[in-house]
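Summary of the model geometry
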Amino acid sequence: MSSENTIHIGVATREAIRKRTIDIAAGRVKPAPGDPKIWVTSPKVVAQILSEENLDLIHAIKRLNPKSVSSLAEATGRSQGNVSRTLTELGIVELVREDRQARPVVAAEKMQLEVEFF
């Protein structure tokens, strides 16, 4: 599987994430293609993202190919608000605008975790 199908998640201190963001914005750092796109401050956050309930939602998107967030909510028995919030928090699901609706699409086939030790 190619790296285009992989979401890279980085774990670093809040200070390191802030410094990196500022350095990128100032042009001092240019992110490499394989660098993490999502940064969190704790492996616990990654565990929350990958909870059984969230993985079930990701699998449902891939299996059902829902046309909208509301149809995904209906198919999974969850409220639309809960599904919308969860999709936003996951960071690995894109909402593609089609026919005045937002169709959820899983942005990658796999996830890679990078932890920085200071």
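1. Description of helix α4 (residues 69-76)
Among all positions of α4, only V69, L72 and A73 are buried. An end-on view of α4 places all buried positions within 100° of arc, on one side of the element. For α4, exposure combined with an orientation more than 90 degrees from the buried face picks out E74 and A75. Each element contacted by the buried residues of α4 is listed here: α3 (52-64), α5 (80-90), β3 (93-98) and β4 (101-106). After α4 finishes, the residue G77 shows a positive phi value of roughly 75°.

2. Thoughts on the packing of α4 against α5
In a pair of packed helices, the angle between the axes and the distance between the axes together describe the arrangement. Here α4 crosses α5 at 110°, and the two axes come no closer than 9 Å. Considering their axes alone, α4 and α5 lie roughly perpendicular with respect to each other. Helix-helix and strand crossings are classified by hand; for α4 and α5 the assignment is right-handed. Within the contact between the two elements, α4 uses V69, S70, L72, A73 and T76 and α5 uses Q80, V83, S84 and L87. Here the residues of the contact of α4 with α5 sort into five nonpolar, four polar and no charged.

3. Concerning unusual backbone geometry
The phi dihedral of D99 falls on the positive side, at around 45°, and the residue is not glycine. Looking at where D99 falls in the secondary structure, it is placed in the loop between β3 and β4. For D99, a relative accessible area of 76% puts it in the exposed group.

Rules used throughout
- Residues numbered from 1 in each chain as written.
- Predicted model: local features only at pLDDT ≥ 70, side-chain atom pairs only at ≥ 80, totals over all residues.
- Heavy atoms only, no water.
- Buried < 20%, exposed > 50% of the residue type's maximum accessible area, 1.4 Å probe, protein only.
- Helix = DSSP H or I, 4+ residues; strand = E, 2+ residues; numbered from the N terminus.
- Arc of directions from axis to C-beta.
- Contact = heavy atoms within 4.5 Å.
- Axes fitted to C-alpha atoms, helices over the stretch in contact; angles between N-to-C directions.
- Parallel < 35°, antiparallel > 145°, perpendicular 65-115°, else oblique.
- Left-handed = near helix turned anticlockwise from the far one by under 90°.
- Nonpolar A, V, L, I, M, F, W, Y, C, P; charged D, E, K, R; others polar.

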